[in-house]
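Coordinates in review
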Amino acid sequence: MTDGNTYAINTHLDEREDWDALQEVTADLEQAEARIEELEAKMAKAEAKIMELEEYKWMYEDLCK
């Protein structure tokens, strides 16, 4: 049987472990969000390049005829 202090300490440690785990998950989430933003920026650049190439598509089509 444990006394009140031991129970309080164990409860505090359990809460601290939960807090630490939450902090790790939060950090991972922030990194994932940053990566998503990077990928979205790259995708926007790629889409802009595709649109630019679409403007000149007729030139290539004429050359292939």
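Preceding this section is the structure that the text describes.
The rules we used
Counting starts from 1 at the beginning of each chain's written sequence and moves along it residue by residue. Under the rules for a predicted model, residues below a pLDDT of 70 receive no local features and side-chain atom pairs below 80 are neither given nor counted, while totals for whole chains, interfaces and linings still include all residues. Hydrogens are left out, water is left out, and the side-chain values use all remaining heavy atoms of the structure. The helix count covers DSSP runs of H or I at least four residues long, the strand count covers runs of E at least two residues long, and both are numbered beginning at the N terminus. Based on C-alpha atoms, the radius of gyration is set beside the globule rule, defined as 2.2 Å times the residue count to the power 0.38. Using a 1.4 Å probe on the protein chains alone, a residue whose accessible area is under 20% of its type maximum counts as buried, one over 50% counts as exposed, and one in between counts as partly exposed. For the area figures, the Shrake-Rupley method with a 1.4 Å probe applies, and any residue is considered shielded solely by the protein chains shown. Lys and Arg are tallied as positive, Asp and Glu as negative. Neither His nor the chain termini are counted. Taken as the charge location is NZ of Lys, CZ of Arg, CG of Asp or CD of Glu. Expected helix span is taken as 1.5 Å per residue step, with the number of steps being one fewer than the number of residues. Any N or O atom pair separated by 3.5 Å or less is treated as a polar contact, with the protein-specific requirement of one donor-capable and one acceptor-capable atom, and with residues adjacent in sequence counted only for side-chain atom pairs. Any Lys or Arg side-chain nitrogen located within 4 Å of an Asp or Glu carboxyl oxygen qualifies as a salt bridge. Like-charged residues within 9 Å of one another, or nonpolar side chains (Val, Leu, Ile, Met, Phe, Trp, Tyr) within 5 Å, are grouped into patches, provided each residue has over 30% relative accessible area and no salt bridge.

1. Structural notes on the overall build of the chain
- Helices and strands together make up the secondary structure of the chain, namely two helices and zero strands.
- Taken over C-alpha atoms, the radius of gyration comes to 28 Å for the chain, far larger than the 11 Å a tight globule of 65 residues would show.
- A principal-axis box enclosing the C-alpha atoms of the chain has dimensions of 90 × 15 × 5 Å.
- By the burial criterion, 0% of the 65 residues in the chain qualify as buried.
- Working note: accessible area of the chain is about 6,300 Å², and carbon and sulfur atoms make up 59% of it.
- In the chain, 7 side chains carry a positive charge and 19 a negative one; their mean positions are 16 Å apart.

2. Here's the deal with helix H1 (residues 4–55)
- For H1, spanning 52 residues, the distance from its first C-alpha to its last is 76 Å, which sits close to the expected 76 Å at 1.5 Å a residue.
- For H1, the capping residue at the N-terminal end is Asp3, with a side-chain oxygen 3.3 Å from the backbone nitrogen of Asn5.

3. Section: the pattern of salt bridges
- According to the stated counting rule, one finds three salt bridges in the structure shown.
- With its nearest N and O atoms 3.4 Å apart, the salt bridge here joins Arg16 to Asp20. On the criterion of helical spacing, the pair formed by Arg16 and Asp20 is a turn pair, its members being four residues apart in helix H1.
- Taking relative accessible area as the criterion, Asp20 reaches 33% and is therefore assigned partly exposed.
- One salt bridge connects Arg35 with Glu38, and the closest N-O pair in it is separated by 3.1 Å. A residue pair is termed a helical-turn pair when its members lie 3 or 4 positions apart in one helix, as Arg35 and Glu38 do in helix H1 at three residues.

4. Remarks on a nonpolar patch on the surface
- Together, Tyr56, Trp58, Met59, Tyr60 and Leu63 make up a nonpolar patch on the protein surface, roughly 610 Å² of accessible area in all.
- Mapped onto the secondary structure, Met59 falls in helix H2 (residues 57–64).

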